[in-house]
Amino acid sequence: MPKVKAAIYWCSSCGGCDESIVDLGERILAIRELVDFVFWPCAMDPKTSDVEALADGELAVSLINGAIRTSEQEEMAKLLRRKSQLVVAFGSCACSGGIPALANLKSRKAIFDRAYLDSPTNVNPEGTVPVPHSLTADGYPMELPVFYDTVYELGDVIEVDYLLPGCPPNGDMVATALTAILEGNLPPKGSILLPDIALCQSCARNETKPDQLTIQEFKRLIHVQADPVQCFLNQGILCMGPATRDGCGTPCIQGNMPCTGCLGPVGSQDQGARMVSALGGIGEAVREEDVATLLDGIPDPAGTFYRYSMSSSFLGSHRKDVKP
Ligand code: SF4
Ligand code: SF4
């Protein structure tokens, strides 16, 4: 059987999604028999011109990770879309903004001010910040990608065929998804390649998850010794399992760490709103000071409830009224 051509590209991301391909371990040898990765900047040294030289649709699939923060990322996403039969939004940043989209809580100016002007470790007396067009000291024109005011998910700038969330998707998830793609055994376009049920349903601690919680305060994991068997919510430790999609095999729970929600929302609901709803009956706080005590255990509510999904949330999506 002739090999199919594929690409892996990273936009605004940490590189963990590229690492997850390596996490396939020996399974990558079988995939290598079927797939020729012709463009993968993290692992080789290809040029944009290599992609431009391909015929439209010549790539069987492109796995694009990372959110869209710059004009260069948007251009590459559009180029790969044109050259690919299938595009998979790979990882939580591509699917729903991920960690980079938490920056949508701030404007570009606020980010630049902090990064280039106000940080106590900066020495920048001329107040230089990056601009798309400038001249070098020798007078040569220099061009940088435009840093957008908003972080977008991949589906905001191109049509995405499938989504595989995760921070990053683990080896088993990647192997299952790649096998389905190579065998053409795929759900309807636009689907998320994971079960549409909440993580709690496959969690070994589900039996101890109470119907009605009566905690009076949330505790941070650094302040308590978590019981290795009890549901985290039952211990007053915030766990995003009720609002998070299943499919990872619960590695964090098995490591005695609560779920932080990296597979994104289950169903089409806003992940944070769903979690707040799940906690609706929580706590015995009736007085204002009790509510304050309860909230003190969640020092960063937006970063807790929307850590991986700010771009697709009700809270963050208003930033996308103006397209790049
Ligand atoms: S809340 Fe967390 S610990 Fe409890 S059942 Fe759900 S996933 Fe498991
Ligand atoms: S348990 Fe939660 S945070 Fe951990 S891998 Fe699964 S979805 Fe992601």
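All figures in this text were calculated on a predicted structure; none of them were measured in a lab.

**Re the site of ligand 2**
Looking at ligand 2, the residues that line it are L199, T244, C248, T250, P251, C252, I253, C259, T260, G261, C262 and L263. Tallied by class, the residues present in the shell around ligand 2 amount to eight nonpolar, four polar and no charged.

**Things to note about the sheet that holds strand β2 (residues 35–39)**
The five strands are arranged β2-β1-β3-β5-β9 in an open sheet whose pairing can be described as parallel. Both outer strands of the open sheet, β2 and β9 (162–164), are each paired with one neighbouring strand and no more. Strand after strand, the sheet turns through a mean of 30 degrees between neighbouring axes, direction not considered. Here strand β1 (residues 4–10) pairs with β2 via four bridges, running parallel. Considered in β2, the bridge of K5 is made with D36.

**Remarks on the environment of A292**
Its location among the elements puts A292 in helix α10 (residues 288–296). Note: C-alpha distance between A292 and E217 (75 residues apart in sequence) is 9.2 Å.

**Thoughts on helix α9 (residues 271–278)**
Restricting attention to buried positions, one finds in α9 the residues Q271, G272, R274 and M275. Along α9, the residues classed as buried sweep out an arc of 160 degrees about the axis, all on the same side. Lining the buried residues of α9 we find α11 (301–305).

Conventions adopted
- Residue indices begin from 1 for each chain and proceed along its sequence in written order.
- Working convention: letters from A go to chains and numbers from 1 go to ligands, in the order in which they are written.
- It should be noted that, the model being predicted, local features are given only for residues of pLDDT at least 70 and side-chain atom pairs only at 80 or more, the latter also being counted only at that level, while totals for whole chains, interfaces and linings use all residues.
- Only the C-beta atom matters for nearness: placed from the backbone, it must lie within 6 Å of the molecule or strand for the residue to count as near.
- Classification used: nonpolar for Ala, Val, Leu, Ile, Met, Phe, Trp, Tyr, Cys and Pro, charged for Asp, Glu, Lys and Arg, polar for all others including Gly.
- DSSP calls a pair of strands paired once it identifies at least 2 bridges connecting them.
- The helix and strand labels rest on DSSP assignments: H or I over at least four residues marks a helix, E over at least two residues marks a strand, and numbering proceeds from the N terminus.
- The axes are straight lines fitted to the C-alpha atoms, using for helices just the contacting stretch, and the angles between their N-to-C directions are given from 0 to 180°.
- As a rule, residues whose C-beta atom has 12 or fewer other C-beta atoms within 10 Å are exposed, those with 20 or more are buried, and those in between are partly exposed; C-beta atoms are placed from the backbone.
- Relevant arc is that of directions from the helix axis to the C-beta atoms, nothing else.
- Note on contacts: each residue gets a C-beta atom placed from the backbone, and two residues are in contact if those atoms are within 7 Å.

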